[in-house]
Structures are given as structure tokens and as C-alpha cells.
Amino acid sequence: MTPPVLHSQRLTLGPASSAHAEAFIAFCATEDSRFIGGPADRRDAWEGVAISAGLWALRGFGPFWLSAGGVPVGRAGVYYPDWRAEPELAWTIYPAYQGRGYATEAALVARDWAYATLGLGPLVSLIDTGNAPSIRVAQKLGAVLEGPHEPNGGHPVMRWRHPAGVAA
Amino acid sequence: MMAPTLTTARLVLRPVQMADFSAYRDFMLSDRARYMGGPYDLAGAWGLFCHDAGLWALAGHGGLAVETKDGQTVGVVGINAGPLFPETELGWMLYEGHEGQGYATEAAGVLRDWAFGSRGLTTLVSYVFPANHASAAVARRLGARLDPQAARQADSEDDLVFRHVPGDGQP
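Residues numbered from 1 in each chain as written. Chains lettered and ligands numbered in written order. Predicted model: local features only at pLDDT ≥ 70, side-chain atom pairs only at ≥ 80, totals over all residues. Heavy atoms only, no water.

J.: What's the story with the overall build of chain A in this structure? I'm lost.
T.: Looking only at helices and strands, chain A has four helices and eight strands in total. Starting at the N terminus, the α and β elements of chain A follow one another as β-β-α-α-β-β-β-α-β-α-β-β. For 168 residues, the compact-globule formula gives about 15 Å, and the C-alpha radius of gyration of chain A, at 15 Å, lands near that figure. Expressed along its principal axes, the backbone C-alpha trace of chain A runs to roughly 35 × 35 × 30 Å. Buried residues in chain A amount to 49% of all 168 residues. Counting contacts in chain A only where the partners sit at least 6 residues apart, residues at least 24 apart contribute 56% of the total. In the form shown here, chain A has an accessible surface area of approximately 7,500 Å², with 55% of it arising from carbon and sulfur atoms. (Helix = DSSP H or I, 4+ residues; strand = E, 2+ residues; numbered from the N terminus. Rg over C-alpha atoms; globule rule 2.2 N^0.38 Å. Buried < 20%, exposed > 50% of the residue type's maximum accessible area, 1.4 Å probe, protein only. Contact = heavy atoms within 4.5 Å. Areas by Shrake-Rupley, 256 points an atom, 1.4 Å probe, with all protein chains shown as cover.)

See the structure below:
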């Protein structure tokens, strides 16, 4: 399947468009993408877009692409590659759009959808200890620190556990 | 679009599923993947697998698993595009033990016919490593011709490029 289109107060969560692909490729070219395995060249970043679409086709869920007023601002949703023990709630907001609460807003909609529609949860988020903005998002979402996870390219990563229920 | 299901005399080409990953991964991690830029690691194999499955939603074409009529998965054929390829590409791979029976030609042929028919594409290429004689033979059996002028992938200047056009493979 392809992603449904969901709405939060300010954001649209949905499938990839070529504008989303180009915005993601531009983001992956910068050091700002280090927490999702970047920087990556155009070819690898494009593969990242295709992998997101593939997760939807293969598992029936995956990352949503986020737009604010029609402009791509990032992606958020459930990331579950084959080798992981459990699905992860993950979010990325491009630097120009950070600091506005978009990640929290999108991740909450995606989490509620995953819980209510897929019966998943309580979901985990794996966050690099150096990624302070993302740690604040996890805290705002009510996630609690559970312990260390496998390091990401030598950087320590912590496992955050989200609450079990759909937010009121 | 959703991936279609196509059938031939002996084969069913169907959407890729999670259960296909173990055989796909074993292929991509093995020396058999040397003609496809491999061998790959687990993350590389997973990326290609998801790419095959996800490209349908992004490009309206992608990869299909190839199954015999008794339900055995023998490989994957696909139509690829994007920054990974200079042109839209028809590719095929067979898992170990399923070579020599014409499966690649039969599967790639029906996918090519779908591409030029319902999908409305007007040309396709197949990139083949010069040492991959089996794959070059498949391209020739499909009626494709070498196109020395075609663009190569940046890191693969020695690739043979076979060009497919509508009408190939028809008497």
C-alpha cells in the first residue's frame, strides 16, 4: 500500500512527491543528516526515498512525508527494517523548519495512527545522545529513557519508550 | 501505481513481499551479486529490496518476484529508474539453481512487453557487465541490440548496454 494522507493542525502527512524527494536529497547532502546516517550522495539519498516507499509496500506502514503549506519540511513515521527487533517511531525535520514543534506534532499523529490502525506499540525511538532537539521531542511525546541501544557510527544511542495508549 | 501480476507459460511475476527477503538477501550477499555491483552487506541488500518494492509508488514501475507455477520463487525482474541509472532499465536476476531453463528471458520478456504495452514506455536499456555472458545471452534472446552510444553509469564505463525497443522478440 501507499501512505494514507493524515493531517495535524499545521502539517500534512502523506506519500512522497518529487518535491519531497528533492528536499530530502538536499538535506542528505549536508552534515545535518548525520543522525540518520548521512551525509549521503544523491544516489544514496534517492535510495532512502525509495526505501521509505518500499516499507509501505512491504509492511503496510512506514515513514510519512511532511508538508507545511505545501512545502516539504521532513518526514516522520514508523521505520522497521528487516533486521530490527521492533519498529521505531522516527522523525526528521529539515533545519530551516526546526524549532516550531513540527516534529512533535507529526510524530504524535503518526504514533496515534500506528497504535489505532496497526495495533502497534508501545513504540520505541532510538536517538543519538548528541541529538538534543530530538531528545526534547521524545520527552514532549511522553517517552521515557529505557537504556542504551547499539551505537550509530560510533555515537552512543539511547532507546526511548513511548507511552502505550493513544493520546487523549 | 500498484505492482501488477503478470503470467507466462511457466511463470508468475508478482509483487515483492517481505517473505522474499531471505532469498534476495542471500543472493545479494553472495558472489552471484558480483555482476550487480555486489556482494552487498545486509543494509545494502535491504535497500535494494525496498527499492524494488517501493519504486512502483514513485515511478509506476519497479521489481517483481518471479515464481514458477508450483510456487517456487526463482528470482526478481524489474524496471529501474532514478539517479541510480542513466536511463530506465530492464534487469533480471535468478537465484542459484534456477539458471539454464530460460526463466530470465521468459520473465524479462513479459515485463518488457508490459512496459511497452500497458505502461507506454518507448525504450529500455539493460546494463550488463562484460564478463556476465549469461546475462548478455538473455539480452540477445530478448531481441535487444548493443547500443555503444548509450550513457553508462558513472562507475561502470565498461558496461555493455543493450537497447530494447517495442517489437523486440516478436516474429
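Read on, since the account is not over.
J.: Just to check I follow, could you spell out the interface of chain B and chain A for this structure?
T.: Think of interface size as the accessible area that goes away when the parts come together; that is how it is often given. In this complex, chain B contributes 22 residues to the contact, which on the side of chain A involves 19 residues. Here chain B meets chain A over a buried area of about 1,800 Å², counting both sides, of which 77% is carbon and sulfur. One can count zero salt bridges joining chain B with chain A. Where chain B meets chain A, there are one residue pair in polar contact (both at pLDDT 80 or more). Of all the elements, helix α2 (residues 42–59) of chain B adds the most residues to the side of chain B that touches chain A, at 13 residues. Here the side of chain B that touches chain A is built from residues that sort into 16 nonpolar, five polar and one charged. (Buried area = accessible area lost by both parts, 1.4 Å probe. Salt bridge = Lys/Arg side-chain N within 4 Å of Asp/Glu carboxyl O. Polar contact = N/O pair within 3.5 Å; in protein donor to acceptor, adjacent residues only side chain to side chain. Nonpolar A, V, L, I, M, F, W, Y, C, P; charged D, E, K, R; others polar.)

J.: Looking at this model, I keep getting lost on the packing of helix α1 (residues 18–28) of chain A against helix α2 (residues 42–59) of chain A. Mind explaining?
T.: The axes of two packed helices give the description: the angle between them and the distance between them. Residue and element names in this part refer to chain A. As a packed pair, α1 and α2 sit with axes 9 Å apart at the nearest point and diverge in direction by 130°. As summarised for this structure, α1 and α2 are arranged oblique, according to the angle between their axes. The hand of the α1/α2 crossing is right-handed. For the pair α1 and α2, the contacting residues are A21, E22, F24, I25 and C28 in the first and R42, A45, W46, G48 and V49 in the second. (Axes fitted to C-alpha atoms, helices over the stretch in contact; angles between N-to-C directions. Parallel < 35°, antiparallel > 145°, perpendicular 65-115°, else oblique. Left-handed = near helix turned anticlockwise from the far one by under 90°.)

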